[in-house]
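Next come the chains, spelled out residue by residue.
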Amino acid sequence: MCKISIIIPTRNRQHLLERAISNSFIHKNIAFEVIISDNCSSDCTWDKLKSYKEKYQKLKIVKQNELIDLADHWDNVVRYHSKGKYILVLCDDDIIIDEKYLKDACDILDK
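Residues numbered from 1 in each chain as written. Predicted model: local features only at pLDDT ≥ 70, side-chain atom pairs only at ≥ 80, totals over all residues. Heavy atoms only, no water.

Engineer: I keep staring at the overall build of the chain and nothing clicks. Help me out?
Structural biologist: Looking only at helices and strands, one finds 4 helices and 4 strands in the chain. Seen in sequence order, the chain has helices and strands lined up from the N terminus as β-α-β-α-β-α-β-α. In summary, the chain has a C-alpha radius of gyration of 14 Å against a globular reference of 13 Å for 111 residues, a match within 12%. Within the chain, the proportion of its 111 residues that are buried is 39%. Across the chain, every contact between residues at least 6 apart in sequence was considered, and the portion connecting residues at least 24 apart equals 81%. Carbon and sulfur atoms form 49% of the exposed surface of the chain, whose accessible area is close to 6500 Å². (Helix = DSSP H or I, 4+ residues; strand = E, 2+ residues; numbered from the N terminus. Rg over C-alpha atoms; globule rule 2.2 N^0.38 Å. Buried < 20%, exposed > 50% of the residue type's maximum accessible area, 1.4 Å probe, protein only. Contact = heavy atoms within 4.5 Å. Areas by Shrake-Rupley, 256 points an atom, 1.4 Å probe, with all protein chains shown as cover.)

This is the structure in structure tokens:
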């Protein structure tokens, strides 16, 4: 069975994160990880992420100490924090609604 890293980059959008996080944990029959990376938010995003970490113990949270461009933000998380064979970047205002999505995607990619 493969592993997929769901990476959710965010910045100053703490009000959107619970929906994205909770929907990321709906998947069945697949090994996956969820990583949220805060790109130096100036609001309470980091505090919210720490509280979500208590609720979703498998959630990984990463904080960028200085603002970086989006491509570097993704690259940093992929290189230094993700462990998945495959990567799915999910915007912080998006959700995955099908609990079989990751499994189906992994099956297709493995072929």
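What follows picks up the thread again.
Engineer: Whenever I open this one, the packing of aromatic side chains confuses me. Can you help?
Structural biologist: In this description, an aromatic ring pair is defined by two values, namely the gap between the centres and the angle between the planes. With the rule as written, the count across this model stands at 2 aromatic pairs. Ring centres of Phe-25 and Phe-32 lie 6.0 Å apart, and the angle between their planes is 50°; on these two criteria the pair is classed as tilted. Exposure remark for Phe-25: the relative accessible area of 23% places this residue in the partly exposed category. Here the aromatic rings of Phe-25 and Tyr-56 are separated by 5.3 Å at their centres, their planes lie at 10°, and the arrangement is stacked. Of this pair, Phe-25 sits in the loop between α1 (14–24) and β2 (31–39) while Tyr-56 sits in the loop between α2 (45–55) and β3 (59–64), and the two are 31 residues apart along the sequence. With relative accessibility at 14%, the residue Tyr-56 sits in the buried group. (Phe/Tyr/Trp six-rings, centres within 6.5 Å; stacked < 30°, edge-to-face > 60°.)

Engineer: I tried to follow α1 on my own but got confused; where do I start?
Structural biologist: Gln-14, Leu-17, Ala-20, Ile-21, Asn-23 and Ser-24 are the residues of α1 that are buried. Viewed end-on, α1 has its buried residues packed into an arc of 165°, placing them on one side of the element. (Arc of directions from axis to C-beta.)

Engineer: Is there a simple way to explain the nonpolar core in this structure?
Structural biologist: Proteins that are soluble and globular tend to have nonpolar side chains buried together. Ile-6, Ile-8, Ile-21, Ile-36, Tyr-52, Leu-59 and Leu-102 are the most contacted members of the largest nonpolar core, which has 20 residues in total. Those elements that place two or more of their residues in this core are β1 (3–10), α1, β2, α2, β4 (86–89) and α4 (101–110). Filtering out sequence-adjacent residues up to four positions away, Ile-21 remains in contact with Ile-36, Leu-49, Tyr-52, Tyr-56 and Leu-59. (Core = buried A, V, L, I, M, F, W, Y, C linked by side-chain atoms within 4.5 Å.)

Engineer: Sorry if this is basic, but what is going on with the side chain of Thr-10 here?
Structural biologist: Relative to the helices and strands, Thr-10 resides in strand β1. Only 2.7 Å separates the side chain of Thr-10 from the side chain of Asp-92, close enough to count as a polar contact. Residues contacting Thr-10, with those up to four places away along its chain left out, are Leu-17, Ile-36, Ser-37, Asp-38, Asn-39, Ser-41, Thr-45, His-73 and Asp-92. (Polar contact = N/O pair within 3.5 Å; in protein donor to acceptor, adjacent residues only side chain to side chain.)

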